[in-house]
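In case you want the letters, here they are:
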Amino acid sequence: MSLRTPLGKARGLGSAKDGTHHFWVQRLTAIALIPLTIWFVAALVSLTGAGHGEVTEWLRKPIPAILMLLLVVSGMYHLKLGLQVIVED
């Protein structure tokens, strides 16, 4: 429980105190998603016609697993930031 008043909690939280960070993080995730998406599309093309076992073996390798994890995490975080902006507007 905080002893600060509601006014004390709200001070310093005006415009340009949090939005800049949000803006830059969203841009950084967008930039990170560009090469990750290109890699993912290229991987899908190279795995066309492969069976479930082949795809599973490919995804067990460290580099594809790490890149896939980065794609999913950055994509979900970018999605969260974008939806937050939509809800706030």
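Described below are features of the structure shown in this document. Just so it is clear, the model here is predicted, and its values are computed rather than measured.

Brief notes about the overall build of the protein chain
Along its length, the protein chain carries four helices and zero strands. Ordered by position from the N terminus, the helices and strands of the protein chain form the series α-α-α-α. Out of the 89 residues belonging to the protein chain, those deemed buried represent 17%. Intrachain contacts of the protein chain at a sequence separation of at least 6 include 75% that bridge at least 24 residues. Accessible area for the protein chain stands at about 7200 Å²; split by element, carbon and sulfur atoms hold 72% of it.

So, the packing of helix H3 (residues 52-60) against helix H4 (residues 62-88)
Orientation of H3 relative to H4, taken along the N-to-C sense of each, is 85°, at an axis distance of 5 Å. When the axes of H3 and H4 are compared, the pair comes out roughly perpendicular. Here Trp58, Leu59 and Arg60 of H3 come into contact with H4, specifically with Pro62, Pro64, Ala65 and Met68. Each residue belonging to the contact of H3 with H4 can be placed in one class, and the counts come to six nonpolar, no polar and one charged.

Concerning the packing of aromatic side chains
Tallying each qualifying case throughout the model produces three aromatic pairs. Relative to Trp24, the ring of Phe23 lies with its centre 5.4 Å away and its plane at 85°, an arrangement referred to as edge-to-face. Taken together, a centroid distance of 5.8 Å and an interplanar angle of 20° make the contact between Trp39 and Trp58 stacked. Residue Trp39 is located in helix H2 (residues 19-46), and its partner Trp58 is located in helix H3; the two are separated by 19 residues in the primary sequence. Grouped by ring-pair contacts, the aromatic residues Trp39, Phe40 and Trp58 constitute a single cluster.

Examining the pattern of salt bridges
According to the stated counting rule, one finds one salt bridge in the structure shown. Of the charged contacts, one joins Arg60 and Glu57 as a salt bridge, the two residues approaching to 3.3 Å between their closest N and O atoms. Residue Arg60 and its partner Glu57 are both found in helix H3; the two are separated by three residues, about one turn of the helix. Residue classification places Arg60 among the exposed positions, given a relative accessible area of 61%. On the basis of relative accessible area, Glu57 is assigned to the partly exposed category, the value being 46%.

Calculation criteria
Residues numbered from 1 in each chain as written. Predicted model: local features only at pLDDT ≥ 70, side-chain atom pairs only at ≥ 80, totals over all residues. Heavy atoms only, no water. Helix = DSSP H or I, 4+ residues; strand = E, 2+ residues; numbered from the N terminus. Buried < 20%, exposed > 50% of the residue type's maximum accessible area, 1.4 Å probe, protein only. Contact = heavy atoms within 4.5 Å. Areas by Shrake-Rupley, 256 points an atom, 1.4 Å probe, with all protein chains shown as cover. Axes fitted to C-alpha atoms, helices over the stretch in contact; angles between N-to-C directions. Parallel < 35°, antiparallel > 145°, perpendicular 65-115°, else oblique. Nonpolar A, V, L, I, M, F, W, Y, C, P; charged D, E, K, R; others polar. Phe/Tyr/Trp six-rings, centres within 6.5 Å; stacked < 30°, edge-to-face > 60°. Salt bridge = Lys/Arg side-chain N within 4 Å of Asp/Glu carboxyl O.

Bear in mind that shape data such as this cannot, by itself, settle questions of function.
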